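Below, each chain spelled out in residue letters.
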Amino acid sequence: MNPLPALNSGPNTGLNAASTLTAFLAAALFSLGFISVAQADQPKDQSLPLRVLLVAGGCCHDYSTQSQLLKEGIEARIHADVTVILSSNKSTKTTFEIYESDEWADGYDVVIHDECSADVTAKPYVDRILKAHRSGTPAVNLHCAMHSYRWGDFRSPVDPGADNAAWYEMIGVQSTAHGPKSPIDIIHSNLSHPITQGLGDWTTVDEELYNNLRVFSDTTALTKGNQMTQPNKRDLKKDPQAKARESTAVVAWTNEYGPNKTKIFSTSLGHQNETVADQRYLNLVVRGLLWTTGNLSETGVPSAHLAK
C-alpha cells in the first residue's frame, strides 16, 4: 500500500489548500482502488484464515478443557479462526442445536467432530450431519466421535450401505470398544503420507486404544498404536501366571467419503487432557486438518497463506 501524503501544516493559500486536499483525496482513492484490485486478484480463501468449526461435548470427557486446548493449539500453529460449539450435557444422548439446520456447515472450511453421543440414534439428525460432508465439507474426527451415532447390531461388522453404517462410512473405520487405560506406543507406519512425513514416534500417557472392527475400502492407515495391558484380577483368577498382552490397532487414518470424495481425517487418540495438550498430538491433528482442506504440501508443509 502506498503511504498517504502528509498534509502541509504550514501557512497555505486557499488555492494551495484546495490543491493539497485534492491530491490527498486522489491518493487515498488510488490507494483504496489498489487494495481492491490486489485482493480481487487473490483466491478468496487466501485472504482469510481457515474457518474451523469445532463441535464438542457429551459423555465421559473433559470437553470444556479439551475444546480450548484444541482451539489454542490450532490457532497457534496456523492462521485459523476456530469457532467452538460446546455442549454442557455430559450424557451419551447429547445433541447439538447447530445440527438442526440443513445449512449447519455453511461458512466453514472444515468441521472437527469431537462429540461423544453414542446413544443419539435419530436417523434424520445424523443424516443432516453427513449430508454436509457428502456435499464436500471436510471433517476431522477425534476420539469418541468414532463411538457416536450408532444403533442396531453395531458390535458386528456393518455392511456398506446398511442402515447403521453411514457414520462409520464417513469416518472410514468401524470401532466398537477400547481396552483399559494404559500407555500407547504411537508408530507412524505410513511416513510417505503428507500428514505423517517427518513426525516422530512417541508414547502416550494412559490412553484408550480403540479397536478396528472394520476398515472401509477408501481408508488409508497412517499411524498404529501398540499397547501392553497388564492382567486384571479376573485374568489372574483364571490364570495366576497370566502375562501382559499386547494389542495393536490403527489410531490415525484418512478417508475419502461420498460422491465428492470428501477428505476426512480421524484419530482415535484423545481421551486424556494430557494427550490433547501434547504438542505431538496437536501437530498430528493440525496436519490432518490442513490435509483435508487441501492446504498441506506433499512434504507436510502448510500453504503459505496459513503458515505461521
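Data block above holds the structure.
Along each chain, the written sequence defines residue order, and numbers are assigned to residues from 1. Local features in this predicted model are restricted to residues of pLDDT 70 or higher, and side-chain atom pairs are both shown and tallied only at a pLDDT of 80 or more, whereas totals for entire chains, interfaces and linings draw on every residue. Only heavy atoms go into the side-chain values, all of them from the structure, while hydrogens and water stay out.

Chemist: In this structure, what is going on with the overall build of the protein chain? I would like to understand it.
Modeler: Helix and strand definitions follow DSSP, with helices as H or I runs of at least four residues and strands as E runs of at least two, each counted in order from the N terminus. Secondary structure assignment for the protein chain yields seven helices and 11 strands. When the accessible area of the protein chain is evaluated, it comes to approximately 15000 Å², of which 53% is carbon and sulfur surface. Residue exposure ignores everything except the shown protein chains as possible cover, and the areas themselves are Shrake-Rupley values with a 1.4 Å probe.

Chemist: How should I be thinking about the side chain of S175 in this particular structure?
Modeler: Tracing the sequence through the fold places S175 in the loop between β5 (173-174) and β6 (182-188). Here's how the labels work: a residue is buried when its accessible area is under 20% of the maximum for its type, exposed when over 50%, partly exposed in between, all with a 1.4 Å probe on protein chains only. Residue class for S175 comes out buried when judged on its relative accessible area of 3%. As used in this structure description, the phrase polar contact means that two N or O atoms lie within 3.5 Å; if the pair is within protein, one of them must be able to donate a hydrogen and the other to accept it, and residues adjacent in sequence are counted only when both atoms belong to side chains. A polar side-chain atom of S175 sits 2.9 Å from a polar atom in the side chain of H147. A polar contact is formed between the side chain of S175 and the backbone oxygen of N211, at a distance of 2.8 Å.

Chemist: Please explain the sheet that holds β6 as it appears in this structure.
Modeler: Sheets are built from strands that pair by backbone hydrogen bonding, the pairs being arranged parallel or antiparallel. Strand pairing is assigned whenever DSSP identifies at least 2 bridges connecting the two strands. Taken in spatial order, the nine strands make up an open sheet running β2-β1-β3-β4-β11-β10-β9-β6-β7, and their pairing is mixed. The sheet is open, and its two edges are formed by β2 (80-86) and β7 (202-207), each paired on a single side. In this sheet, neighbouring strand axes are inclined to one another by 20 degrees on average, regardless of whether the strands run parallel or antiparallel. Bridging between strand β9 (residues 219-229) and strand β10 (residues 245-257) involves 10 bridges; their strand directions are antiparallel. Along β10, the bridge assignment pairs A221 with W253. The contact criterion used is simple: two residues touch if any of their non-hydrogen atoms lie within 4.5 Å. Here the axes come from fitting lines to C-alpha atoms, over the contacting stretch only for helices, and the angles between their N-to-C directions go from 0 to 180 degrees. Lying on the sheet, helix α2 (residues 63-77) is in contact with β1 (50-58), β2, β3 (110-116) and β4 (139-142); it crosses β2 at an angle near 170 degrees.

Chemist: I tried to follow the nonpolar core on my own but got confused; where do I start?
Modeler: Only buried residues count toward a nonpolar core, which is a set of Ala, Val, Leu, Ile, Met, Phe, Trp, Tyr and Cys residues joined through side-chain atoms within 4.5 Å. Formed by 35 residues in total, the largest nonpolar core has its most connected members in L50, V52, I74, I78, I112, Y281 and L289. Breaking this core down by element, the ones donating at least two residues are β1, α2, β2, β3, β4, β6, β10 and α7 (279-292). If you tally residues by element for this core, the top one is α7, at eight residues. Setting aside anything within four residues of it in sequence, one finds V52 in contact with A80, D81, V82, T83, Y108, V110, I112 and L289. Listed in part, the 31 residues of the second largest apolar core include F96, V126, M170 and Y257.

Chemist: How should I be thinking about the side chain of S67 in this particular structure?
Modeler: Here S67 lies in helix α2. Polar contacts involving the side chain of S67 include one to the main-chain carbonyl oxygen of Y63, which spans 2.8 Å.

Chemist: Explanation requested: the packing of α2 against α7 in the structure shown.
Modeler: Relative placement of two packed helices is described by the angle separating their axes and the distance separating the axes. Closest axis-to-axis distance for the α2/α7 pair is 10 Å, and the angle between their directions is 70 degrees. For the element pair α2 / α7, the angle class is roughly perpendicular. Between α2 and α7 lies a crossing whose hand is right-handed. Here α2 contributes L69, L70, G73, I74 and R77 to the contact with α7, which in turn contributes Q279, Y281, L282, N283, V286 and L289. Orientation labels follow simple angle bins: below 35 degrees gives roughly parallel, above 145 gives roughly antiparallel, 65 to 115 gives roughly perpendicular, and whatever is left gives oblique. It is the rotation of the near helix from the far one that decides the hand of a crossing: anticlockwise by less than a right angle makes it left-handed, clockwise makes it right-handed.

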